[in-house]
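Listed below are the residues making up each chain.
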Amino acid sequence: MPTTSAAAATSASNGVQPNGTEPSIMLELVDEDGRTIGTAEKLSAHQAPGRLHRAFSVFLFDESGRLLLQRRALGKYHSPGVWSNTCCGHPYPGEAPFAAAARRVSEELGVSPSLMAEAGTVRYNHPDPASGLVEQEYNHLFVGLVRGPLRPDPEEIEDTAYVTPAELTERHAAAPFSAWFMTVLDAARPAIRELTGPSGGW
């Protein structure tokens with residue numbers, strides 16, 4: 001789809017280049033209580049030892065209570081080719097985390113989440129041994145449902161899978177996952193159980 005002038009202006013203001021690369025995306029730096037204290041360029045914020053910044057993680061489930069996983073595209077500069085939660089990313093400076101989460105689900109997976117709700121926050125520090133980058137994040141968590149066919153963006157997502165808790169355990173033991181996956185999953189579990197019910201097994 002051609003980029004409109006309005007979209008191009010928005011992209012330019014956020015550092016997105018016309019070819020879709022993101023060398024100068026700006027992130028929102030925060031203190032330990034999640035209060036905004038400034039901005040930093042995306043890559044520099046992830047270079048060791050990392051700078052604490054705002055992020056979000058989304059967990060979407062189908063009507064059977066299975067979690068939608070994504071395998072990150074091989075071309076991504078951070079944690080390529082590993083499995084992770086449905087969607088994660090960073091709000092633009094001044095963008096509400098809920099709006100950013102809904103936007104990125106649509107951009108990456110081609111669907112709109114249903115009944116998405118806040119599920120708390122978690123702060124962590126996870127180095128990525130493969131790249132040397134560091135995730136110093138104050139992460140806003142969201143859970144919800146997904147309906148309809150997925151249309152993943154191949155530049156963002158290599159593969160997707162719906163899994164039960166037992167299938168996730170097997171996959172997690174056999175395949176590489178993002179360094180932050182278990183931290184954000186465990187933090188979101190109370191909201192996930194509320195969404196999927198006691199029979200879901202989460």
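Residues numbered from 1 in each chain as written. Predicted model: local features only at pLDDT ≥ 70, side-chain atom pairs only at ≥ 80, totals over all residues. Heavy atoms only, no water.

(A) Examining helix H3 (residues 97–109) more closely. Across its 13 residues, H3 extends 18 Å between first and last C-alpha, which sits within 8% of the 18 Å expected from 1.5 Å per residue. Taken together, the buried positions of H3 are occupied by Pro97, Ala100, Ala101, Arg103, Arg104, Val105, Glu108 and Leu109. Elements that come into contact with the buried residues of H3 comprise strand E3 (53–61), strand E4 (67–72), strand E6 (87–89), strand E7 (114–127), strand E8 (134–145) and strand E9 (157–163). Glycine 110 lies just past H3 and shows a positive phi near 75°. (Helix = DSSP H or I, 4+ residues; strand = E, 2+ residues; numbered from the N terminus. Expected span 1.5 Å × (residues − 1). Buried < 20%, exposed > 50% of the residue type's maximum accessible area, 1.4 Å probe, protein only. Contact = heavy atoms within 4.5 Å.)

(B) Quick peek at the pairing of strand E1 (residues 26–30). Of all five residues in E1, four are buried; the element is thus mostly enclosed. When E1 meets strand E2 (residues 36–41), the two strands line up antiparallel, connected through five bridges. Across the sheet, valine 30 pairs through a bridge with threonine 36, a residue of E2. Two successive antiparallel strands, E1 and E2, enclose a turn made up of five residues, where glycine 34 displays a positive phi of approximately 85°. (Pairing = 2+ DSSP bridges.)

(C) The nonpolar core, seen in detail. Of all hydrophobic cores here, the largest spans 24 residues; its most connected members are Phe59, Leu67, Leu69, Leu168, Phe181 and Ile192. Counting residues per element, the ones that place at least two in this core are E3, E4, E7, E8, E9 and helix H5 (181–196). Among the elements that take part in this core, H5 stands out by supplying six residues, more than any other. Not counting chain neighbours up to four residues away, the residues in contact with phenylalanine 59 comprise Leu67, Asn85, Thr86, Phe142, Val143, Gly144, Phe181, Val184, Leu185, Ala188 and Ile192. With 14 residues, the next largest nonpolar core counts Phe56, Leu60, Cys87 and Ala101 among its residues. (Core = buried A, V, L, I, M, F, W, Y, C linked by side-chain atoms within 4.5 Å.)

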